[in-house]
Amino acid sequence: MHLNDGQLRSYLDGELDQPTPDAVEKHLSGCKRCSERLNILKNRAQLTKAQIGRLQDPSSSEVISIIAARTRFERAGSKKEYRPMLQKLSAQRFRLAWTAGAIVLIVALFAIPQVRALGVNFLGLFRVEQVTIVPFNLSSLDYAFSNTHISSMLADSTQFEQNGERTVVTSAPEAAALAGIPVRMPANREPSSLIVEPGGRLSMTVDLARIRALLDEIGRQDIALPDNLDDASIVADLPISVTALFGKCDLASDKSASDPDDSSTHRSTDCTELRQMQSPSITAPPDLDIDQIGTAFLQIIGMSASEAEAFGSRIDWASTLVLPIPSDAVSREVQVDGVTGIMIQPQHYRNAKILIWVKEGVLYYLQSFFNTGTILSWANSLE
Amino acid sequence: MDVNSKFLRSKPDALPGNSQKDFAAQFEQIFHENWTRIYTILYRLVGNRDEAEDLALETFWRLYNNPPKEGQNLSGWLYRVGMNLGYNALRAAARRRRYEEEASRQHLDHQAYSDPDRAVETVEEHRSVRLVLGQMKERHAQILILRYSGFSYQEMARVMEISANSVGAVLARAEKEFEKRYRSKFGD
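This is a predicted model, so every value here is computed, not measured.

> Would you take a moment to explain helix 7 (residues 153-160) of chain B for this structure?
Residues spaced three or four apart along an α-helix face the same direction, because each turn holds 3.6 residues. Residues and elements named next belong to chain B. Listed in full, the buried residues belonging to helix 7 are Tyr153, Met156, Ala157, Val159 and Met160. Seen along its axis, helix 7 keeps its buried residues to an arc of 165 degrees; they face one direction. Trailing helix 7 by a residue or two, Glu161 shows a phi angle of about 55 degrees, which is positive.

Okay, structure coming up:
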């Protein structure tokens, strides 16, 4: 029986209770594999310690005494000067407690006309470092959210602001300057159009009673949500994105004007679309139980409690966009642009394929009617 | 510190007379026992006095204004909230990319280095470590900061809400991620 990394790492820190240090030493003396593993872990720990050890403690002049700190706390609280700072802090873009808002946002997407109009901008609602997919049954959700009572119930606690206008630009550097991100293009390809799409902000204060009522409405009283979700202020920041169109694309099929549900009208079959945006984020209180909300989210899109538990436990909810795709779509993981991405072929999209990946804080979305090999070669040639 | 949170379960203004006193006393104790440690960890994370102070005050403000439910481990809660705030600030700053210019200026202002090359080098070192931390999975970055700020496995387990037996495994994964990101960014 070999020792696992957790045991070996604890042993290095003298924090392993079982097996005892004597037993570990005895095992290591006769086990090459575990000894080698221990060395790897030891070297890693040394590197990490050396690097993190570079972060300095405050110098003596920067230390704030407890008494001074207590006084500042008191003064800030009593004069209520603290409020603006609190607001400032709470407006910081908390990295991705995104699932806190996922339920609300999924619902909002279905419920609010302005958000519906953004259609494929759906992808922009989370700050993501990786993407995974989960199949869901579209018709059950459609039914649930076609209920106008629910729609109006949610819409009145949600605001959506769009920042700026859709702008057609002529070059990648111009798009980059407007969007504030490096804009990459496939090698040796000139886009037929280049569009900078405005970002926006979706904000809502969670009314837990309403969400529970909604869950009742769709027959899912069994889904548990954390109590401190109530009154949580959730803000989704949708960054500016850059869309490059290649081939014969109909620019007039402006998404804000077309029916977002009818994807067949979206682009002609000669059109390839590359969209890139800074990874979006959702602001939510940091002490929310993200795992529980994530599990609830999986249940809402149709999993049983035990399936959701099993699937959810493999996900790092803090950085993963869990993209619900219709259960009839075909999808697989692919290596693209040096990272793992996902290739999706939705059933209702004729032969369209969608490739999604995240690299260095930028989310890429490539939609095309080419075969998968060509799509991957485009993606891999981005520069 | 293992204070049970039963007196903190309601907002202070909602508590009747005696409970208010209990709350106040307990809050004072927690503030005194934890201020320096919280502030120091946040300073290491964000690298400047004003921001670390803001974040530390914010952490205690949350405890005061919206304490955890009864039965939760208070010090675990406090450091969890502090680490969340600190990590988010670090990440936001790293994203803005203005961070290091600011930090570098402040650092140079505050530190009287006899050798300016050495000062620049130190700022670069901080920059690289914070950049790597800011790109890591949040829990991984947090456990590394806690570990190398001298937290025991028991203490880390309380902050991370995992069993003490799992700390080694999470730490090993976190160090693996750190090494991978560090080497891919800065070589060996």
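> Mind showing me how you'd approach the state of the cysteines here?
Such a bond, covalent and formed between the sulfur atoms of two cysteines, is termed a disulfide. Residue and element names in this part refer to chain A. In total, this model carries 0 disulfides over all chains according to the counting rule given. With no disulfide of its own, Cys31 lies closest to Cys34 among cysteine sulfurs, the gap being 3.6 Å. Given a relative accessible area of 8%, Cys31 falls into the buried group. Residue classification places Cys34 among the buried positions, given a relative accessible area of 2%.

> Is there a simple way to explain unusual backbone geometry in this structure?
Residues and elements named next belong to chain A. In this chain, Gln18 is followed by Pro19 through a cis amide linkage whose omega measures -10 degrees. Inspection of the secondary structure puts Pro19 in the loop between helix 1 (5-12) and helix 2 (21-30). A positive phi angle, close to 60 degrees, is found at Asn188, a residue other than glycine. By the element assignment, Asn188 lies in the loop between helix 10 (172-179) and strand 4 (193-197). Even without being glycine, Asp337 reaches a positive phi, approximately 55 degrees. Summarising the element assignment, Asp337 is placed in the loop between strand 11 (330-336) and strand 12 (339-345). We classify Asp337 as buried; its relative accessible area is 7%.

> Any chance you could explain the packing of aromatic side chains here in plain terms?
Within a pair of aromatic rings, the relevant descriptors are the distance that separates the centres and the angle that separates the planes. All names here are of chain A. Inspection of the entire model under this criterion finds 17 aromatic pairs over all chains. With 5.0 Å between their ring centres and 15 degrees between their planes, Trp357 and Tyr364 make a pair best called stacked. You can call Trp357 buried: its relative accessible area is 0%. We classify Tyr364 as buried; its relative accessible area is 3%.

> I'm lost on the environment of Leu202 of chain A in this one. Help?
Here Leu202 of chain A is to be found in strand 5 (residues 199-205). Assessed through its relative accessible area of 5%, Leu202 of chain A is described here as buried.

> It is not clear to me how the packing of helix 1 of chain A against helix 3 (residues 32-52) of chain A should be interpreted in this structure. Could you clarify?
The geometry of a pair of packed helices is captured by two quantities: the angle between their axes and the separation between those axes. Residues and elements named next belong to chain A. Direction vectors running N to C along helix 1 and helix 3 enclose 60 degrees, while the axes themselves pass 10 Å from each other. Classed by the angle they form, the pair helix 1 and helix 3 counts as oblique. The interaxial crossing formed by helix 1 with helix 3 has right-handed handedness. Residues Asp5, Leu8, Arg9, Tyr11 and Leu12 of helix 1 touch helix 3, and the partners they reach there are Cys34, Arg37, Leu38, Leu41, Lys42 and Ala45. Its residues assigned to classes, the contact of helix 1 with helix 3 comprises 7 nonpolar, no polar and 4 charged.

> Would you take a moment to explain the sheet that holds strand 14 (residues 362-368) of chain A for this structure?
One key point about sheets: their strands pair by backbone hydrogen bonds, in either a parallel or an antiparallel sense. Residue and element names in this part refer to chain A. Taken in spatial order, the 8 strands make up an open sheet running 3-4-7-8-14-13-12-11, and their pairing is antiparallel. Of all strands in the sheet, those bounded by a partner on one side alone are strand 3 (167-169) and strand 11. Ignoring which end each strand starts from, the neighbouring axes of this sheet average 20 degrees apart. By the bridge criterion, 7 bridges tie strand 7 (residues 241-247) to strand 8 (residues 271-278) in an arrangement that is antiparallel. Considered in strand 8, the bridge of Thr243 is made with Arg275.

> Help me understand the pattern of salt bridges in this model?
Pairing between side chains becomes possible if they bear opposite charge and their charged atoms approach one another. The full count for this structure, using the stated rule, is 17 salt bridges over all chains. Note that Arg72 of chain A is salt-bridged to Glu53 of chain B, the shortest N-O span being 2.6 Å. Of the two residues, Arg72 of chain A sits in helix 4 (residues 66-78) while Glu53 of chain B sits in helix 2 (residues 49-65), which places them in two different chains. When the shortest N-O distance is used, the salt bridge between Arg275 of chain A and Glu273 of chain A registers 3.7 Å. Across this residue pair, the class does not change: Arg275 of chain A and Glu273 of chain A are buried. Counted as one network, the salt bridges with shared partners bring together Arg9 and Asp13 of chain A together with Arg147 and Glu175 of chain B.

> How should the side chain of Arg44 of chain A be read in this particular structure?
Topologically, Arg44 of chain A is positioned in helix 3. With sequence-adjacent residues up to four places away left out, Arg44 of chain A is seen in contact with Arg37 of chain A together with Glu175, Lys176 and Glu179 of chain B.

Cut-offs and rules
Residues numbered from 1 in each chain as written. Chains lettered and ligands numbered in written order. Predicted model: local features only at pLDDT ≥ 70, side-chain atom pairs only at ≥ 80, totals over all residues. Heavy atoms only, no water. Buried < 20%, exposed > 50% of the residue type's maximum accessible area, 1.4 Å probe, protein only. Helix = DSSP H or I, 4+ residues; strand = E, 2+ residues; numbered from the N terminus. Arc of directions from axis to C-beta. Disulfide = S-S within 2.5 Å. Phe/Tyr/Trp six-rings, centres within 6.5 Å; stacked < 30°, edge-to-face > 60°. Axes fitted to C-alpha atoms, helices over the stretch in contact; angles between N-to-C directions. Parallel < 35°, antiparallel > 145°, perpendicular 65-115°, else oblique. Left-handed = near helix turned anticlockwise from the far one by under 90°. Contact = heavy atoms within 4.5 Å. Nonpolar A, V, L, I, M, F, W, Y, C, P; charged D, E, K, R; others polar. Pairing = 2+ DSSP bridges. Salt bridge = Lys/Arg side-chain N within 4 Å of Asp/Glu carboxyl O.

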